Amino acid sequence: MLDIGRFDRGASTAVAAPPASDEELVRRCLDGERRAFEVLVRRHQRGLVNHLYRLTGRRETALDLAQDAFIKVYQSLASFDPRYRFTTWLYRIASNCAIDLLRRKEPALCPLGGERGEEERAPARAGALAGRGPSPLEVLRFRELRARVESSLATLPAPYRELLLLRHHRHCRYDEIARITGLPLGTVKNRIFRAREMLRHELSDLLPSEA
């Protein structure tokens, strides 16, 4: 079995993506080219870990789940359907791992941002676009708002939280979410609507009242 090793728990080193598509790399792996799967891991490791971190709220847990997912993917490569995107299949396996874990544990705080420090950088980027830097008060308000959104998201049942993250952070299409979660398309749309309504209710004091 291919040993993909432990993930780097420090800073990630950017690796230039090879020109081959994910699906081509899967084919090469099935043909016996071991390095092809290592390329897939390097290509998708960071995005998958970040997604799982937002879903579970713990980086160490996200790293462990991502490794488990890649191992399961490697063991099941022969069942991959090339008619669909590799990332859809990968995220379905990873999401199943995460949901199984979340169902056994209390929900943790689920940051909506990426790595630590992103919330500090975001106001600065917004200010730069406006031609000025953020004021200390603007930074404070941004952090307070993010904390409220994070805590409100954490109150949602894990399956609903997963759907919102896939839709609004992975920017997946509804049909992709349906394949990732194994849910009917209509159910996906309905649950995302309900999840938004639950989140809106949790944040009702921050939202402008309707006329």
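Residues numbered from 1 in each chain as written. Predicted model: local features only at pLDDT ≥ 70, side-chain atom pairs only at ≥ 80, totals over all residues. Heavy atoms only, no water.

### Observations regarding the overall build of the protein
If you tally the helices and strands in the protein, you get 9 helices and 0 strands. Of the regular secondary structure in the protein, the N- to C-terminal order runs α-α-α-α-α-α-α-α-α. When the 211 residues of the protein are sorted by exposure, 40% land in the buried category. Taking all contacts inside the protein whose residues are at least 6 apart in sequence as the whole, residues at least 24 apart take part in 67%. Taken as a whole, the protein presents about 12,300 Å² of accessible surface, with 52% of it coming from carbon and sulfur. (Helix = DSSP H or I, 4+ residues; strand = E, 2+ residues; numbered from the N terminus. Buried < 20%, exposed > 50% of the residue type's maximum accessible area, 1.4 Å probe, protein only. Contact = heavy atoms within 4.5 Å. Areas by Shrake-Rupley, 256 points an atom, 1.4 Å probe, with all protein chains shown as cover.)

### A few points about the nonpolar core
In this structure, Phe 37, Leu 48, Leu 52, Val 73 and Phe 86 are the most contacted members of the largest nonpolar core, which totals 51 residues. Where this core is concerned, the elements lending two or more residues are helix 1 (22-30), helix 2 (34-56), helix 3 (59-75), helix 4 (86-104), helix 7 (158-168), helix 8 (174-181) and helix 9 (185-202). (Core = buried A, V, L, I, M, F, W, Y, C linked by side-chain atoms within 4.5 Å.)

### Structural notes on the environment of Arg 35
Tracing the chain through its elements places Arg 35 in helix 2. You can call Arg 35 exposed: its relative accessible area is 51%. Between the alpha carbons of Arg 35 and Leu 25 there is a distance of 9.0 Å; along the sequence they are 10 residues apart.

### A short note on the packing of helix 2 against helix 3
Direction vectors running N to C along helix 2 and helix 3 enclose 140°, while the axes themselves pass 8 Å from each other. Judged on the interaxial angle alone, helix 3 and helix 2 are oblique. Considering only the axes of helix 2 and helix 3, their crossing is right-handed. Contacts between helix 2 and helix 3 involve Phe 37, Leu 40, Val 41, His 44, Gln 45, Leu 48, Val 49, Leu 52, Tyr 53 and Thr 56 on the former and, on the latter, Arg 59, Thr 61, Ala 62, Leu 63, Leu 65, Ala 66, Ala 69, Phe 70, Val 73 and Tyr 74. The class makeup of the residues in the contact of helix 2 with helix 3 is 15 nonpolar, 4 polar and 1 charged. (Axes fitted to C-alpha atoms, helices over the stretch in contact; angles between N-to-C directions. Parallel < 35°, antiparallel > 145°, perpendicular 65-115°, else oblique. Left-handed = near helix turned anticlockwise from the far one by under 90°. Nonpolar A, V, L, I, M, F, W, Y, C, P; charged D, E, K, R; others polar.)

### Quick word on the side chain of Asp 22
The residue Asp 22 is located in helix 1 in this model. Overall, the relative accessible area of 10% leaves Asp 22 in the buried class. In this structure the side chain of Asp 22 is engaged in a polar contact, spanning 2.5 Å, whose partner is the side chain of Arg 43. Every residue in contact with Asp 22, bar those within four places of it in the chain, is listed here: Leu 40, Arg 43, His 44, Phe 86 and Thr 87. (Polar contact = N/O pair within 3.5 Å; in protein donor to acceptor, adjacent residues only side chain to side chain.)

Limitation: the analysis is restricted to geometry and does not speak to function.
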